[in-house]
Amino acid sequence: MVAPLSSWPWDNLGSCKYLLYGPLMAKGVHDAWEKGTLMNSWFLHLLILFALRGLIHQLWFTYSNMLFLTRRRRVVNDGVDFKQIDEEWDWDNFLILQALIGAMAFNSAPSLKDLPLLDLKGCLIALLLHVALSEPVFYWVHRCFHKGYLFTNYHSLHHSSPVPQPYTAGHATPLEHLVQVVAMGTPMLGAFLMGHGSLGLVYCHTFIFDYLRCMGYSNVEVFPFELFDSYPLLRYLIYTPRKYHSLHHKEKDSNFCLFMPIFDAIGRTLNENSWELQREIRSGKNDQVPDFVFLAHVVDVISSIHVAFVFRSISAKPFVFKLILLPLWPLAFMAMLIMWLRSKTFLVTFYNLRGRLHQTWAVPRYGFQYFLPFARDGINDQIELAILRADKMGVKVLSLAALNKNEALNGGGTLFVSKHPDLKVRVVHGNTLTAAVILNEIPNNVKEVFITGATSKLGRAIALYLCRKKIRVLMLTLSTERFLKIQREAPAESQQYLVQVTKYQAAQNCKTWIVGKWLSPREQHLAPPGTHFHQFVVPPMIGFRRDCTYGNLAAMRLPKDVQGLGICEYTMERGVVHACHAGGVVHFLEGWSHHEVGAIDVDRIDVVWKAALKHGLTPV
């Protein structure tokens, strides 16, 4: 039998749960219409409080996950994985509960509807009641929740989140949140009963309460240890993320206070390691050097929102453009301008694979900027600085993403390796595995293929590989010189299988198209019905043909033992990364000592493919 108040009554409603705010909004609008002012409509104030409290959680979440700012002060170094994200998906249930309780309270007490804007005596009363009642009552109840029946049926859900996050504060059962309603509401209720309630008290007390809770769960140490060394009394008046939630969630037998550790000291449950561990965190000892770095870049303005520190509900799913994102476009555009003017390569996300740290860094440039002639030198400078930084840190392998290895930009990474011959970090473009993924998607019975972007780095390698298999390759190119150069690279007996074509009409009877150059709707309509479009074009082309099928960009699924992965790589499914990313991972796992830059070595395509499968990477 399910324990009472251990699950939310609107669990199965999904996003429709927000319709529960409907009656509050209707009542608020009605009151405002009757009185001609919004100030006295408590129902509208409750909705405003809901929105602002959600914003407090969001801002703390954003700050704590800006790894380029906080990585040295992170308390728990592990990443937040998809399992934790899914379990905490409805973290805001408590906001609905508290809004409904507030609505009932104000509806049953008409005297509360006409309140002053601020009463300082009420604020002082609330502070005293918080210290005298809320703190000790919460401490005692929290200890009870760590015993037997209460922990098994209630509090264990909250402790199931291994990495504290601001959203973790809301991940609990209704019973626990009712206890928090008492802890948060008692000081305000006392002030109101003494005749010193005010609108400002409700807002200020609620915001401070949420702010401190989010700070405690932020997983980032925000207080300098020198502050507590200079003023030792502060150690007992305010908790810290390290002192409280790290140790409390890990050991479960200490640090039970709400915000004030003095009650743990009185109850003899204050963890003795609290102060020293805080000192270690602030000193930066937790900062780790990655073994592998994937150097990415931003695709476009709107997809720049698809990062872990903006909206977790978006970044934890494959990116899809939605109209609801449009209001954020101006902010994203301003961020682009700021990054263009001032930013340098920064850490975006990370995961662990077999005890090794893998990070994704981002060059602060957007896709369109790579095609601006005046921007190329600046982009190469950013990439070069990132490579030199990785080399200095001791990174083993750095893999270049998408346009960061553009042939016209830096020769597929050759520019950097030639300029810095003593690099210890291995620079990898990952295109060998990209070619392998595309080639292994082609059915064995295919006798003819059509390639656009045929003389590109990938197009060349795919064409040379297929002609060795005696597959006829129609290479779309206007440059006879470039075609002949590639044809001469093929074995003499295979050269006849490479055929230059200059028009799309030449492939009207070919049902296997390998697309390395973006196709317009008109060009797609030249393919015969039943055609499958394989592609290595960035960004991926839009499919207009219902009688054809379209492959995704070359990608591979990371091994099952990957840990701390909680963000989708652009449009990829969970756990799936672009083939060039996977190629760098394989390069590191194999311990290869060579750089993989410039032209693709066709002889290594099968070698890299087998190595990827050996290490547990799988085709999508």
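Conventions used here
Residues numbered from 1 in each chain as written. Predicted model: local features only at pLDDT ≥ 70, side-chain atom pairs only at ≥ 80, totals over all residues. Heavy atoms only, no water. Helix = DSSP H or I, 4+ residues; strand = E, 2+ residues; numbered from the N terminus. Expected span 1.5 Å × (residues − 1). Buried < 20%, exposed > 50% of the residue type's maximum accessible area, 1.4 Å probe, protein only. Contact = heavy atoms within 4.5 Å. Pairing = 2+ DSSP bridges. Axes fitted to C-alpha atoms, helices over the stretch in contact; angles between N-to-C directions. Right-handed = clockwise from strand over helix to strand, strands pointing away. 1 Å grid on protein atoms, 1.4 Å probe; cavity = no way out; pocket = protein on both sides within 12 Å on 5 of 7 lines; lining within 4 Å. Points joined across faces, edges and corners; volume = space filled by probe spheres on them. Nonpolar A, V, L, I, M, F, W, Y, C, P; charged D, E, K, R; others polar.

*Asks:* What should I look at first to understand helix α20 (residues 457-468) in this one?
*Replies:* Because the α-helix completes a turn every 3.6 residues, residues three or four places apart line up on one side. In a regular helix each residue adds 1.5 Å, so 12 residues correspond to 16 Å; α20 covers 17 Å between its end C-alpha atoms and thus fits that length. α20 sits mainly inside the fold: 11 of its 12 residues count as buried. Of the residues making up α20, those classed as buried are Lys457, Leu458, Gly459, Arg460, Ala461, Ile462, Ala463, Leu464, Tyr465, Leu466 and Cys467. Lys470, located one to two residues past α20, shows a positive phi value of around 60°.

*Asks:* Explain the environment of Leu47 here, please?
*Replies:* In this fold, Leu47 is placed in helix α2 (residues 42-64). Using a relative accessible area of 13% as the deciding quantity, one classes Leu47 as buried. Separated by 129 residues in the primary sequence, Leu47 and Glu176 have C-alpha atoms spaced 22 Å apart. Leaving out residues up to four positions away in the same chain, Leu47 has contacts with Tyr21, Leu24 and Met25.

*Asks:* How should I be thinking about the sheet that holds strand β10 (residues 532-535) in this particular structure?
*Replies:* Note: strands within a sheet are paired through backbone hydrogen bonds, in either parallel or antiparallel orientation. Spatially, six strands are ordered β8-β7-β6-β9-β10-β11 in an open sheet, and the strand pairing comes out parallel. Because the sheet does not close on itself, it has two edges, and the strands there are β8 (498-501) and β11 (549-553). Pairs of neighbouring strands in the sheet enclose a mean axial angle of 20°, with direction left out of account. Both strand β6 (residues 448-452) and strand β9 (residues 512-515) contribute to a ladder of three bridges, which runs parallel. The residue bridging Ile451 from the neighbouring strand is Ile514, located in β9.

*Asks:* Whenever I open this one, the pairing of β6 confuses me. Can you help?
*Replies:* A regular strand carries its side chains on alternate faces of the sheet. Most of β6 sits inside the fold, with four of its five residues counted as buried. Bridge count for β6 against strand β7 (residues 472-476) is four bridges, and the pairing is parallel. From the neighbouring strand, Glu448 faces β7, where its bridge partner is Arg472. For the handedness criterion, the β-α-β arrangement of β6, α20 and β7 is classed as right-handed.

*Asks:* Explain the sheet that holds strand β5 (residues 426-428) to me, please; I cannot follow it from the model alone.
*Replies:* Read across the open sheet, the six strands follow the order β5-β4-β1-β3-β2-β13; overall the sheet is mixed. At either end of the open sheet lies a strand with only one pairing partner, and these are β5 and β13 (562-563). On top of the sheet, helix α15 (residues 329-342) reaches β1 (292-298), β2 (346-353) and β3 (356-366); it is set at about 95° to β3, its chief contact. Sheet contacts for helix α16 (residues 376-393): β1, β3, β4 (397-400) and β5; angle to β3, the most-contacted strand, approximately 160°.

*Asks:* What exactly am I supposed to notice about empty space enclosed by the protein here?
*Replies:* A probe as big as a water molecule, rolled over the atoms, marks out the empty space that is left. Counted according to the given criterion, the structure contains five cavities of 30 Å³ or more. Computed from the structure, the largest cavity encloses a volume of approximately 240 Å³. Residue lining of the largest cavity: 22 residues in total, with Phe138, His142, His155, Gln180 and Arg213 positioned closest to the centre. Put simply, the parts of the chain that give the lining of the largest cavity at least two residues each are α6 (120-144), α7 (148-158), α8 (174-193) and α11 (242-251). Among the elements that take part in the lining of the largest cavity, α11 stands out by supplying four residues, more than any other. For the lining of the largest cavity, the class distribution of residues is 12 nonpolar, eight polar and two charged. Estimates place the volume of the second largest cavity at around 200 Å³. What lines the second largest cavity is a set of 18 residues, among which Asn65, Gly79, Val80, Ala308 and Thr349 lie closest to the centre. At three residues, β2 tops the list of elements feeding residues into the lining of the second largest cavity.

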